[in-house]
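Structural overview for review
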Amino acid sequence: MYRIVKKESLNPTVTLMEVEAPLIAKKAEPGQFIILRVDSNGERIPLTIADFNRATGTVTIIYQIVGATTQALDHLKEGENIQDFAGPLGRPTETEDFKKVAVVGGGVGCAIAYPVAKKLYEQGCEVHSITGFRNKELVILEEEFKKVSNKLVLMTDDGSYGTKGLVTDALKTLIESGEKYDAVITIGPLIMMKFVCALTKEYQIKTLASMNPIMIDGTGMCGGCRLSVGGKTKFACVDGPDFDGHEIDFDEALTRSSIYKPFERRAHEEVCHLYEMEVK
Amino acid sequence: MANMSLTKNEMPAQEPQVRNQNFLEVALGYSKEQAIDEANRCLNCKHKPCISGCPVRIDIPAFIQETARGNFDTAYEIISRSSSLPAVCGRVCPQESQCEQKCVRGIKGEPVAIGRLERFVADYQNTYGNTKLTKPASNGHKIAVIGSGPSGLACAGDLAKKGYSVTIFEALHLAGGVLVYGIPEFRLPKAIVQKEINALKELGVEIATNVIIGKTLSIEELQNEYGFEAVFVGSGAGLPNFMNIPGENLKGVYSANEFLTRVNLMKAYTPDSTTPIQKGKKVMVVGGGNVAMDAARCAKRLGAEVTIVYRRTENELPARHEEVEHAKEEGIQFKLLTSPIEIKGDSNGWVTGLCCQEMTLSQPDDSGRRKPVPLENSAFEMEADCVIMSIGTSPNPLIKDTTKGLSIRNWGGIIVDEATGLTSLTGVYAGGDAVTGAATVILAMGAGKTAAEAIDSYLKGEGAS
């Protein structure tokens, strides 16, 4: 069992949890993920490691409630336990050899972008962070990003905070104003990453995209997380989760990500219903 | 007087048209009377050829003689000396190509049903038995076993019986490896696997789940920081293979591993499971091994019309004869001498069909193997809304990528000395699918036992010097 030492609501749909997992905290690197199961009948889901503290032996996860499992996870309180918590899985994000990088995060993906930006910054790299949200209410990690970025551009779709527009608008403006990046690292919704990669391809800037496909074991056994990169089938859990953004078949990834949508919606509703009954 | 019947006692089983709609065990097991009757077919011959066909060298005639006398506890003790998983082996071993193939009674008529007797003895013990395995006195040596599948469990069991303090590291949340994620409930009930694992725990074996060696901890750390004097790597087969044909990443295309894991480990077959799974109406399973049969029979039970697509003939099907028979009885179709060339999908990315071509077998080559060759202009399409690829696996890269100095074959298998299981690293042994590529439960157990013996002599040798 893995104890939740801290739980904090970042916005109405996104929650942060710090979980006691000393072995994982000791090894974790930015870009890696864990697999958890909330209880003994639960589903295994991958969540990216948002932060880790080797001294206290804790790992931070940030999640958005999208399905039955994240709903059940959110039902747990500080001091309670998560049944299973395994990792760190996947390859760490490539951060060596970069002197100036644009980190582009979208929505809850910023939780994954943050540790990458932090590591780059600590390595002495010049970091320009662009974070995007639907509206002001959904903004997360603004202060954290400020601390590890030489420049931070915060975008909202509706202009209720920061600059109105998409992250690609901000990235394009920066590139056109003469900023020369060794790499762009992007993490967020697939559709956002697709357009970020299309933009950087025009300017021929090396781009890494962090993929978060459907996954079961996370160790290379099931093959559920496969995607096409440069025409070859790759497994996100052992070959990724980061891939060359100009090689990824985003349209296929978008299609595959919708496999269980109807099922998830139904399961989510059922779990919500169960919790409502419990409250009554 | 021996029972001279030419045929085995038939195995009671659920009716095919009933069982293909439930996940309860197919074969029901012998009664006491049937077991004694079958045991009496054993001639107890002097040269005991059956033992040489058993990868874990069970004293088969001895346990059968005790069974014939009704001494089921003693029979169990005899099996337990060699096997840590008798209830499992009695169910999933390919006996027809091992012990039973060597049985003298098989020369004229059917061999003694050794597997069914093993299963009976183990089940009898599980239900009524009082044979308690006693925890041996500790010899103070610590051994790490990576992976809790058949090879790891066999290795851990043998070492624990010798007094070693053994810790098994398992990447998943549940111990058992392929026995729990791969082999379906109707062929190997999970409660039986759990009982055998519990028996190992009673011997003092510790199981650390959710620990991924190569990620959470390295082999080097196990040896240097945690003080394990020897390590056995039984990490299994790993990455599923795909054919690299168009359409393989469409929605509704599964690897057999993913499909079986969802069904078995994550219990998608139970009505209250939250595990999502695509329940196809027309399912094509590509491949002809035991895993393909398991996937096909699971899909059938989830309500589909199922076809197995295999590129050779029935004679070359790598699956156990009994599994093929069971699958046929349950209504699984076989499309033989057929190989997929493309998977078709609709505009939403869902599978709609499987394009195949007909094959023929070539003249035997130098190795005597007849290769499947495509027939010209033979392409055709079959309707399908789910395709399960079951064409084998390649070794997982996690351990090779994180263990310096570990010699690996070009296809990814760990190189070991066959007689001992020793790898290129001092104190590190390996066995099972991680070494051989996908094989059988009993071969993996054999490799685990071999390594356990080698680890024992290695550590005793060190103690003496």
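These numbers were taken from a predicted model, which means no experiment stands behind them.

1. Structural notes on the overall build of chain B
Counting its regular elements, chain B contains 18 helices and 16 strands. Relative to a compact globule of 465 residues, whose C-alpha radius of gyration would be 23 Å, chain B shows 23 Å and is just as compact. By principal-axis analysis of the C-alpha atoms, chain B measures approximately 70 × 60 × 55 Å. Classification of the 465 residues of chain B by burial places 57% in the buried group. Counted over contacts in chain B with a minimum sequence separation of 6, partners at least 24 positions apart contribute 69%. Total accessible area computed for chain B in this model is approximately 19,100 Å², and 49% of it derives from carbon and sulfur atoms. With 48 positive and 53 negative side-chain charges, chain B shows a separation of 2 Å between the mean positions of the two kinds.

2. A few points about the nonpolar core
Formed by 73 residues in total, the largest nonpolar core has its most connected members in B:Ile60, B:Phe63, B:Ile64, B:Leu179 and B:Ile455. Each of domain 1 (16–128) and domain 2 (142–238 + 395–460) of chain B accounts for three or more of the residues forming this core. Residues A:Ile175, A:Ala209, A:Val238 and B:Ile343 belong to the second largest nonpolar core, which totals 55 residues.

3. Here's the deal with the pattern of salt bridges
All names here are of chain B. Enumeration according to the criterion identifies 41 salt bridges over all chains in this entry. A salt bridge links Glu-329 to Arg-19, with the nearest nitrogen and oxygen atoms 2.7 Å apart. Here the residue Glu-329 occupies a position in helix α15 (residues 321–329), and Arg-19 occupies one in helix α1 (residues 16–19), the gap between them amounting to 310 residues. Residue Glu-329 is classed as partly exposed on the basis of its relative accessible area, which comes to 38%. In this structure, Glu-330 engages Arg-297 in a salt bridge whose closest nitrogen and oxygen atoms are separated by 2.9 Å. With Glu-330 in the loop between α15 and β9 (333–335) and Arg-297 in helix α14 (residues 290–301), the pair connects residues that are 33 residues apart, well separated along the chain. By relative accessible area, Glu-330 is classed as buried at 1%. Judged by its relative accessible area of 1%, Arg-297 falls in the buried class. In this structure, a network of salt bridges that share partners links the residues Arg-19, Glu-96, Arg-187, Asp-294, Arg-297, Arg-301, Arg-320, Glu-322, Glu-323, Glu-329 and Glu-330.

4. With respect to the domain arrangement of chain B
Residues and elements named next belong to chain B. For chain B, the assigned domains are domain 1 (16–128), domain 2 (142–238 + 395–460) and domain 3 (240–392). Between domain 2 and domain 3, the residue contacts involve 13 residues of the former and 14 residues of the latter. Here domain 2 meets domain 3 over a buried area of about 1,100 Å², counting both sides, of which 58% is carbon and sulfur. Of all residues in domain 2, Tyr-181, Phe-186 and Arg-187 bury the most surface against domain 3, accounting for 50% of the area lost on that side.

5. Side note on the packing of aromatic side chains
One pass over the structure, following the stated rule, counts 12 aromatic pairs over all chains. The interplanar angle of 35 degrees and the centroid separation of 5.8 Å between the aromatic rings of A:Tyr2 and A:Phe85 together place this pair among those described as tilted. In this pair, A:Tyr2 is assigned in strand β1 (residues 2–11) and A:Phe85 in strand β7 (residues 84–89), connecting sequence segments 83 residues apart. The exposure class of A:Tyr2 is buried, given its relative accessible area of 17%. With a centroid separation of 5.9 Å and 55 degrees between ring planes, the pair formed by B:Phe23 and B:Phe186 is classed as tilted. Taken as a pair, B:Phe23 in the loop between α1 and α2 (32–39) and B:Phe186 in the loop between α10 (178–181) and α11 (190–202) lie far apart in primary sequence, 163 residues in all. The structure contains a cluster of three or more aromatic residues connected by ring pairs, namely B:Phe72, B:Phe120, B:Tyr124 and B:Tyr128. Looking at A:Lys100, its charged tip hangs above the ring of A:Tyr181, at a distance of 5.7 Å from the centre. The aromatic ring of B:Phe228 is capped on one face by B:Lys142, whose charged end is 4.6 Å from the ring centroid.

6. Remarks on the sheet that holds strand β8 (residues 305–309) of chain B
Residues and elements named next belong to chain B. Spatially, 5 strands are ordered β6-β14-β7-β8-β9 in an open sheet, and the strand pairing comes out parallel. Each edge of the open sheet is held by one strand with a lone partner, namely β6 (253–255) and β9. Strand-to-strand twist across the sheet, computed as the mean angle between neighbouring axes with direction ignored, equals 25 degrees. Strands in contact with helix α13 (residues 256–265) are β6 and β14 (386–389); relative to β6, the strand with the most contacts, it is inclined by about 85 degrees. Helix-sheet contacts for α14 involve β7 (282–286), β8, β9 and β14, and the interaxial angle to β8 is about 165 degrees.

7. Some remarks on the sheet that holds β1(A)
Residue and element names in this part refer to chain A. In space, the 7 strands of this open sheet follow the order β6-β1-β2-β5-β4-β3-β7, with antiparallel pairing throughout. A strand with exactly one partner marks an edge of an open sheet, and here the two such strands are β6 (81–82) and β7. Where strand β3 (residues 33–37) meets strand β4 (residues 45–53), 4 bridges bridge the pair, whose relative direction is antiparallel. Looking at the pairing, Phe-33 lines up with Thr-48 of β4. Together, β4 and β5 (58–64) form the strand contacts of helix α3 (residues 110–122), whose direction differs from that of β4 by roughly 35 degrees.

8. Considerations on the UniProt feature "binding site: FAD" (unreviewed entry) in chain A
All names here are of chain A. According to UniProt, the feature "binding site: FAD" (unreviewed entry) maps to Ile-62, Tyr-63 and Gln-64 in the numbering used here. Once residues within four sequence positions are removed from consideration, Tyr-63 is found in contact with Lys-7, Thr-13, Val-14, Thr-15, Met-17, Leu-47, Thr-70, Leu-73, Asp-74 and Val-108. On the basis of relative accessible area, Gln-64 is assigned to the partly exposed category, the value being 30%. Dropping the residues within four chain positions of it, Gln-64 is found in contact with Thr-13, Val-14, Thr-70 and Val-108.

9. Some points on the pairing of strand β2 (residues 14–20) of chain A
Residues and elements named next belong to chain A. Of all 7 residues making up β2, 6 are buried, and the element is well covered by its neighbours. Looking at chain direction, β1 and β2 are connected through 6 bridges and run antiparallel. Looking across to β2, one finds that Ile-4 is bridged to Val-19. Hairpin remark: β1 followed by β2, antiparallel, with 2 residues in the connecting loop. Alignment of β2 against β5, held across 7 bridges, turns out to be antiparallel. Of the residues in β5, the one forming a bridge with Val-14 is Gln-64.

10. Describing the UniProt feature "binding site: [2Fe-2S] cluster" (unreviewed entry) in chain A
All names here are of chain A. What UniProt calls "binding site: [2Fe-2S] cluster" (unreviewed entry) maps, in this numbering, to Cys-222, Cys-225 and Cys-237. Maximum C-alpha separation among the annotated residues is 9.9 Å over a sequence range of 16 residues, consistent with a single clustered spot. Position of Cys-225 relative to the elements: it lies in the loop between β13 (207–210) and β14 (226–229). Aside from chain neighbours lying at most four places away, what touches Cys-225 is Pro-213, Ile-214, Met-215, Lys-234, Phe-235, Ala-236 and Cys-237.

Criteria and thresholds
Residues numbered from 1 in each chain as written. Chains lettered and ligands numbered in written order. Predicted model: local features only at pLDDT ≥ 70, side-chain atom pairs only at ≥ 80, totals over all residues. Heavy atoms only, no water. Helix = DSSP H or I, 4+ residues; strand = E, 2+ residues; numbered from the N terminus. Rg over C-alpha atoms; globule rule 2.2 N^0.38 Å. Buried < 20%, exposed > 50% of the residue type's maximum accessible area, 1.4 Å probe, protein only. Contact = heavy atoms within 4.5 Å. Areas by Shrake-Rupley, 256 points an atom, 1.4 Å probe, with all protein chains shown as cover. Lys, Arg positive; Asp, Glu negative; His and termini not counted. Charge placed at Lys NZ, Arg CZ, Asp CG, Glu CD. Core = buried A, V, L, I, M, F, W, Y, C linked by side-chain atoms within 4.5 Å. Domains from an automatic or database assignment. Salt bridge = Lys/Arg side-chain N within 4 Å of Asp/Glu carboxyl O. Buried area = accessible area lost by both parts, 1.4 Å probe. Phe/Tyr/Trp six-rings, centres within 6.5 Å; stacked < 30°, edge-to-face > 60°. Lys NZ or Arg CZ within 6 Å of the ring centre and 35° of its normal. Pairing = 2+ DSSP bridges. Axes fitted to C-alpha atoms, helices over the stretch in contact; angles between N-to-C directions. UniProt positions renumbered as here; feature names shortened; annotations may be inferred.

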